[in-house]
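# A closer look at the structure
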Amino acid sequence: MRLNLLFKIIALFVFCVLAILAFAFLSEPVLSFADVAQADSLNHYIFWQLRLPRAVLAFAIGAALSVSGVSFQALLKNPLADPYILGVSGGAALGYVLGVVLGMPFFLLPVLAFVSSLACLILIYKLAQTDGVLSVTNLLLVGIVFNAFSFALILLINSVAHFGQAQQILYLLLGSLDPLPWSRLLLILVFLIFGFCFLWLRAKEMNILSLGDEDAFHLGVNVQREKILFFTVTSLLVGASVSLCGLIGFVGLIVPHLARLLIGADHRLVLPTSALLGGSLLLFCEFLAAHLIGFETLNTRLPVGAVTALIGAPLFVILLKRQVRS
Amino acid sequence: MIQVQSLRYQFSAKQNEILNDVSLQISQGKLVAICGLNGSGKTTLLRLMAGFLPLQQGHVLWKQKPIQQFEAQELAQLLAWVPQDFPTSFPFTVREFVMMGRHCWQKGLFFSKEDHERVNQILLDLDLSDFATRVISDLSGGERQRVLLARAFVQGSQAIFLDEPLNHLDIKARLQVLQQLKTFNQQQGVTAVAVLHDLSLVKQYFDEVVLLHQGRVAHKGPPDEVLTDQNIAAVFELALSPSSI
């Protein structure tokens with residue numbers, strides 16, 4: 001039984017590595033091994049400095065968003081939670097945009113995104129509670145209101161920003177993946193992997209917290225302390241994702257569901273499975289974004305956030321219907 | 001084992017006190033039922049004794065030590081909680097869910113061999129082995145309650161608190177749950193405190209009963225002595241004598 005599950009995760013991992021390579025080779029124009037092997041050629045540069053970093057970034061962000069989704073869903077006891085829908089991504093974007101307009105150095109922007117996402121999460125969590133009870137409807141409604149509010153503030157800030165900043169803000173709102181230099185990419189990967197490992201090592205606590213505060217308390221979990229830890233690390237992941245790639249919605253919502261269908265509810269397995277599935281999903285969406293409307297003909301590409309929303313929004317409605325029925 | 005001294009509690013300053021000077025003592029190995037009308041403070045009392053609600057006035061002592069001095073993990077080793085119904089919409093299997101009862105004994109990502117053995121034994125004892133890989137949301141009411149009981153049993157704690165464990169169960173499932181609780185109590189010497197509504201079952205299975213009325217202890221003692229027509233009529237505010245209903 002356990003071996004079977006382990007086999008599934010290993011198979012998924014192999015699939016993900018292949019997906020990253022396929023993305024790097026098969027995006028338009030298609031590259032061959034011979035092209036890439038030839039050092040100092042243009043294709044060699046395209047593969048190593050543009051395609052592969054973009055693929056790795058897409059994968060890492062997809063994984064980080066999915067893992068954040070798993071964490072939010074477990075902690076809020078709500079299978080419809082997701083950083084984007086809850087308004088936490090919007091909060092992170094607000095912090096980031098404020099940093100851009102105030103002319104802060106680039107390394108401070110993720111910090112600002114993290115701080116504002118954590119602050120928003122705490123605020124949303126408090127606002128959605130009535131007499132200590134957190135209802136699904138309240139949470140979603142507060143998320144909608146919060147999103148609208150942070151978008152309005154972002155637009156307000158945008159109106160006073162100069163042209164270059166406004167362009168940056170627009171990309172942030174649309175959600176797009178631009179290749180980074182390897183040095184920065186590796187730094188971020190280390191950061192995201194740390195976040196993932198932290199959550200994974202506490203997956204048993206996550207299982208228990210998903211039963212609710214009272215049950216978790218009686219099973220021996222220090223609920224307040226664990227929640228603070230989980231919320232902080234998850235906000236770090238969201239802040240990092242948003243400051244790198246902007247608002248990419250629905251990945252954190254859909255992927256945990258797919259993972260649970262595949263592997264069950266135990267978060268020790270759901271977390272790695274979601275990371276792998278989420279990474280591949282965002283990679284696939286990025287591939288679609290680049291090829292859907294014909295880069296060659298129109299000389300433009302769709303922001304990946306638009307593709308995830310196109311796929312994710314109808315799936316969200318289906319999940320919501322299922323949730324209401326059950 | 002558990003001492004409750006002059007407990008008072010109110011949800012907000014504007015509302016009446018839900019508990020008003022409650023004192024009681026629960027000895028090791030006893031089966032104790034807490035009964036009373038809706039709103040008489042039964043579940044609040046249970047939650048205060050279990051340490052989930054913070055104390056406002058009064059004391060709860062477990063083995064002479066104030067409850068607020070226990071860490072969550074220590075407290076879970078002392079007491080297991082059986083909620084009214086399943087608290088989750090995630091598709092955990094019966095085994096995964098019962099396994100969570102062992103968490104208070106070992107941190108880390110994995111469970112020990114002993115944990116697995118204990119879980120297997122309890123699943124066997126409660127006739128749940130065939131359900132081990134079933135998803136909990138697919139179970140019937142009686143099966144769910146058995147799973148909740150199994151989780152409390154594997155926790156290996158010295159007391160089990162049950163908050164209206166018989167709600168939504170038919171009479172067969174009710175008797176089954178109480179019989180299993182009684183057997184476990186006799187075999188392991190575990191104390192059990194349950195909030196219940198069914199007085200005939202209290203008479204049949206419990207050693208002691210506490211009758212709450214408007215936030216006060218109206219009567220306490222062995223069910224045969226406490227559950228008289230007169231007491232029941234007073235506590236449950238009945239115009240007729242219970243035997244004529």
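This structure is a prediction, so every number in the text was calculated from the model and none was measured. Chains are numbered independently. Their residues run from 1 in the order of the written sequence. Both sets of labels track the order of writing: A upward for chains, 1 upward for ligands. Totals for whole chains, interfaces and linings use every residue, but because this is a predicted model, local features are given only for residues with pLDDT of at least 70 and side-chain atom pairs only at 80 or more, for both listing and counting. Side-chain numbers come from the whole structure's heavy atoms, not from hydrogens or water.

### Some words on helix α14 (residues 267–291) of chain A
What counts here: Secondary structure follows DSSP: runs of H or I at least 4 residues long count as helices, runs of E at least 2 residues long count as strands, and numbering of each begins at the N terminus. To estimate the expected span of a helix, subtract one from its residue number and multiply by 1.5 Å. When accessible area is computed with a 1.4 Å probe and restricted to protein chains, residues below 20% of their type maximum are described as buried, those above 50% as exposed, and intermediate ones as partly exposed.
If you check α14(A), its first and last C-alpha atoms are 35 Å apart, about what 25 residues at 1.5 Å a residue would give, namely 36 Å. When you tally the buried positions in α14(A), you get 20 out of 25 residues, the bulk of the element.

### Describing the interface of chain A and chain B
Definition in use: Contacts are assigned to residue pairs with any non-hydrogen atoms lying within 4.5 Å of each other. In this description, buried area is defined as the sum, over both parts, of the accessible area (probe of 1.4 Å) that is lost when the two are combined. By convention in these notes, a salt bridge is any Lys or Arg side-chain nitrogen within 4 Å of a carboxyl oxygen on Asp or Glu. For this analysis, a polar contact is any N or O atom pair within 3.5 Å, provided that within protein one partner can donate a hydrogen and the other can accept it, and provided that sequence-adjacent residues contribute only side-chain to side-chain pairs. Just so you know the grouping, Ala, Val, Leu, Ile, Met, Phe, Trp, Tyr, Cys and Pro go in nonpolar, Asp, Glu, Lys and Arg go in charged, and all remaining residues, Gly too, go in polar.
Taken residue by residue, the interface counts 28 residues in chain A and 31 residues in chain B. A combined buried area of about 2700 Å² lies between chain A and chain B, and 64% of that area is made up of carbon and sulfur atoms. Our count for the chain A to chain B interface comes out at two salt bridges. The partner of Glu214(A) in a salt bridge is Arg47(B), and the shortest N-O contact between them spans 2.8 Å. The tally of links from chain A across to chain B stands at six residue pairs in polar contact (both at pLDDT 80 or more). If you list the elements that add at least two residues to the side of chain A that touches chain B, you get α3 (42–75), α9 (182–201), α10 (203–209), α11 (213–218) and α14 of chain A. Counted by class, the side of chain A that touches chain B contains 11 nonpolar, eight polar and nine charged residues.

### Some remarks on the confidence of the model for chain B
Rules: Note on scores: pLDDT gives the predictor's confidence for each residue, bounded by 0 and 100.
This prediction gives chain B a mean pLDDT of 90; 98% of its residues lie at or above 70. Overall fold confidence (pTM) sits at 0.90, and the ipTM for the predicted complex is 0.93.

### Quick word on the nonpolar core
Which entries qualify depends on this criterion: To form a nonpolar core, buried Ala, Val, Leu, Ile, Met, Phe, Trp, Tyr and Cys residues must be joined to one another through side-chain atoms within 4.5 Å.
Grouped together as the largest cluster of nonpolar side chains are 191 residues, with contacts concentrated most on Met49(B), Trp62(B) and Phe161(B). The element best represented in this core is α3(A), accounting for 18 residues. In this structure Met49(B) touches Ile2(B), Val4(B), Leu24(B), Ile26(B), Ile34(B), Val60(B), Trp62(B), Ile67(B), Phe161(B) and Val193(B), once residues within four positions along its chain are discounted. With eight residues, the next largest nonpolar core counts Ile85(A), Phe250(A), Leu253(A) and Ile254(A) among its residues.

### Details of the packing of helix α6 (residues 109–127) of chain A against helix α7 (residues 136–160) of chain A
Axes are the key here: two packed helices are described by the angle between their axes and the distance separating the axes. Residues and elements named next belong to chain A. As a reminder, the rule being used: Interaxial angles span 0 to 180 degrees and are taken between N-to-C directions of axes, which are lines fitted to C-alpha atoms, for helices over the stretch in contact. Roughly parallel means an angle under 35 degrees; roughly antiparallel, over 145; roughly perpendicular, 65 to 115; everything else is oblique. Note on convention: near helix rotated counterclockwise from far helix by under a right angle means a left-handed crossing. Clockwise means right-handed.
Running from N to C, α6 and α7 cross one another at 135 degrees; their axes reach a closest spacing of 9 Å. Taken as axis vectors, α6 and α7 run oblique relative to one another. Crossing angle aside, the handedness with which α6 passes α7 is right-handed. Residue-level inspection shows Cys120, Leu123, Ile124 and Leu127 of α6 in contact with α7, the latter providing Leu139, Val142 and Phe146. For the contact of α6 with α7, the per-class residue count stands at seven nonpolar, no polar and no charged.

### Side note on the pairing of strand β7 (residues 159–163) of chain B
All names here are of chain B. Note the cut-off: Should DSSP find at least two bridges between two strands, the strands are taken to pair. Orienting the strands away from the viewer, one traces the path from the first strand over the helix to the second; a clockwise path indicates a right-handed crossover.
In terms of residue burial, β7 counts as a mostly covered element, since five of its five residues are buried. Neither face of β7 is open: one carries Ala159, Phe161 and Asp163, the other Ile160 and Leu162, and all of them are buried. Pairing of strand β6 (residues 79–82) with β7 involves four bridges; the strand directions are parallel. Considered in β7, the bridge of Val82 is made with Leu162. The pairing of β7 with strand β8 (residues 191–195) spans five bridges and is classified as parallel. Along β8, the bridge assignment pairs Phe161 with Val193. Handedness of the crossover joining β7 and β8 through helix α6 (residues 171–188) is recorded here as right-handed.

### Observations regarding the pattern of salt bridges
Two side chains that carry opposite charge are able to pair once their charged atoms sit near each other. Residues and elements named next belong to chain B. Applying the stated criterion across every chain yields a total of 14 salt bridges over all chains. A salt bridge links Glu17 to Arg8, with the shortest nitrogen-to-oxygen separation between them at 3.1 Å. Residue Glu17 is classed as partly exposed on the basis of its relative accessible area of 29%. One salt bridge connects Lys113 with Glu117, and the closest N-O pair in it is separated by 3.9 Å.

### Focus: the sheet that holds strand β1 (residues 2–9) of chain B
All names here are of chain B. Spatially, β2-β1-β4-β5 is the arrangement adopted by the four strands of the open sheet, whose pairing is antiparallel. With partners counted over all chains shown, the strands left at the sheet margins are β2 (19–26) and β5 (65–66), one partner each. Summarising the sheet, β1 and β2 pair through six bridges and their orientation is antiparallel. The residue bridging Tyr9 from the neighbouring strand is Leu19, located in β2.

### Thoughts on helix α1 (residues 42–49) of chain B
All names here are of chain B. The element α1 is extensively covered by neighbouring structure, given that seven of its eight residues are classed as buried. Within α1, burial applies to Lys42, Thr43, Thr44, Leu45, Leu46, Leu48 and Met49. Following α1 by one or two positions, Gly51 has its phi on the positive side, about 85 degrees.

### Observations regarding the packing of aromatic side chains
Heads up, the rule is: Pairing of aromatic rings covers Phe, Tyr and Trp, the last counted by its six-membered ring, and requires centre-to-centre distances within 6.5 Å; plane angles under 30 degrees mean stacked, over 60 mean edge-to-face, and any other angle means tilted. Cation placement over rings: the criterion is NZ of Lys or CZ of Arg within 6 Å of the ring centroid and within 35° of the ring normal.
Under the counting rule described, the total for this entry stands at 12 aromatic pairs over all chains. Ring geometry for Phe23(A) against Phe287(A): centres 6.3 Å apart, planes inclined by 65 degrees, an arrangement best described as edge-to-face. Highlighted residues: Phe23(A) in helix α1 (residues 2–26) and Phe287(A) in helix α14, separated in sequence by 264 residues. Taken together, a centroid distance of 6.1 Å and an interplanar angle of 85 degrees make the contact between Phe106(A) and Phe107(A) edge-to-face. Side by side, Phe106(A) and Phe107(A) carry an identical accessibility label, which is exposed. Aromatic ring contacts, followed pair by pair, group Phe25(A), Phe33(A), Phe47(A) and Trp48(A) into a single cluster. Across from the ring centre of Phe111(B), 4.1 Å away, lies the NZ or CZ of Lys204(A), which sits over that ring.

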